[in-house]
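# Coordinate analysis (summary)
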Amino acid sequence: MLRAYDAALQARPLQTKLASAFVIFGTCELNAQLLTSEAATREGATLSDRVAAVKLAQVAGFACFSFYNAPLMHTFYRVTLAQNWPLVPRIAANCLIV
């Protein structure tokens, strides 16, 4: 599976990063809702209660944030790697600028 992912990164880096980021962002929002929703914090809440309370439109919307973030980060890291920035300044610039 990792070889296939690496091959996809080599063949189509931006599209692969977009798809990966979409899944990751969506999964993060889904987990956040499952853990912190009103249904999740209610005493005696079951997993089915939590799943029923998930706002799928919000999950999809947050996942779509990847269409902004992935190209931005792809370009940012390509530029900073091309200029041979050390790791710590690259991370600091990422946090402060991006």
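This write-up is about the structure you can find in this document. It should be emphasised that the depicted structure is a prediction, and the values quoted were computed from it without experimental measurement.

Quick notes on the rules
Residues numbered from 1 in each chain as written. Predicted model: local features only at pLDDT ≥ 70, side-chain atom pairs only at ≥ 80, totals over all residues. Heavy atoms only, no water. Helix = DSSP H or I, 4+ residues; strand = E, 2+ residues; numbered from the N terminus. Salt bridge = Lys/Arg side-chain N within 4 Å of Asp/Glu carboxyl O. Buried < 20%, exposed > 50% of the residue type's maximum accessible area, 1.4 Å probe, protein only. Axes fitted to C-alpha atoms, helices over the stretch in contact; angles between N-to-C directions. Left-handed = near helix turned anticlockwise from the far one by under 90°. Contact = heavy atoms within 4.5 Å. Nonpolar A, V, L, I, M, F, W, Y, C, P; charged D, E, K, R; others polar. Parallel < 35°, antiparallel > 145°, perpendicular 65-115°, else oblique.

### A few points about the environment of A82
- For A82, the location among the structural elements is in helix 6 (residues 66-82).
- With 60 residues separating them along the chain, A82 and F22 place their C-alpha atoms 26 Å apart.

### Topic: the pattern of salt bridges
- The full count for this structure, using the stated rule, is 1 salt bridge.
- Residue R42 pairs with D49 through a salt bridge whose shortest N-O separation is 3.9 Å.
- Looking at R42, the relative accessible area reads 47%, which means it is partly exposed.
- By relative accessible area, which is 28% here, D49 ends up partly exposed.

### Focus: the packing of helix 6 against helix 7 (residues 87-96)
- For the pair helix 6 and helix 7, interaxial distance at closest approach is 11 Å and the crossing angle is 145°. Handedness of the crossing formed by helix 6 with helix 7: right-handed. Contacts between helix 6 and helix 7 involve M73, F76, Y77, T80 and L81 from the former and R90, A93 and N94 from the latter.
- Considering only residue class, the contact of helix 6 with helix 7 consists of 5 nonpolar, 2 polar and 1 charged.

### Regarding the packing of helix 2 (residues 13-36) against helix 6
- Look at helix 2 against helix 6: their axes get within 9 Å of each other, and the N-to-C directions meet at 135°. Accordingly, the angle class assigned to the pair helix 2 and helix 6 is oblique. The two elements helix 2 and helix 6 meet at a crossing, and its hand is right-handed. Counting all contacts with helix 2, which are made through P13, L14, K17, L18, A21, F22 and F25, the residues of helix 6 involved are S66, F67, N69, A70, P71 and H74.
- Looking at side-chain class alone, the contact of helix 2 with helix 6 contains 9 nonpolar, 3 polar and 1 charged residues.

### Structural notes on the environment of L30
- Among the secondary structure elements, L30 is positioned in helix 2.
- Since its relative accessible area comes to 31%, L30 is described here as partly exposed.
- Through-space distance from the C-alpha of L30 to that of V51 is 9.1 Å; in sequence the pair is 21 residues apart.
- Not counting the four nearest positions on each side in its chain, L30 is found in contact with V54 and V59.

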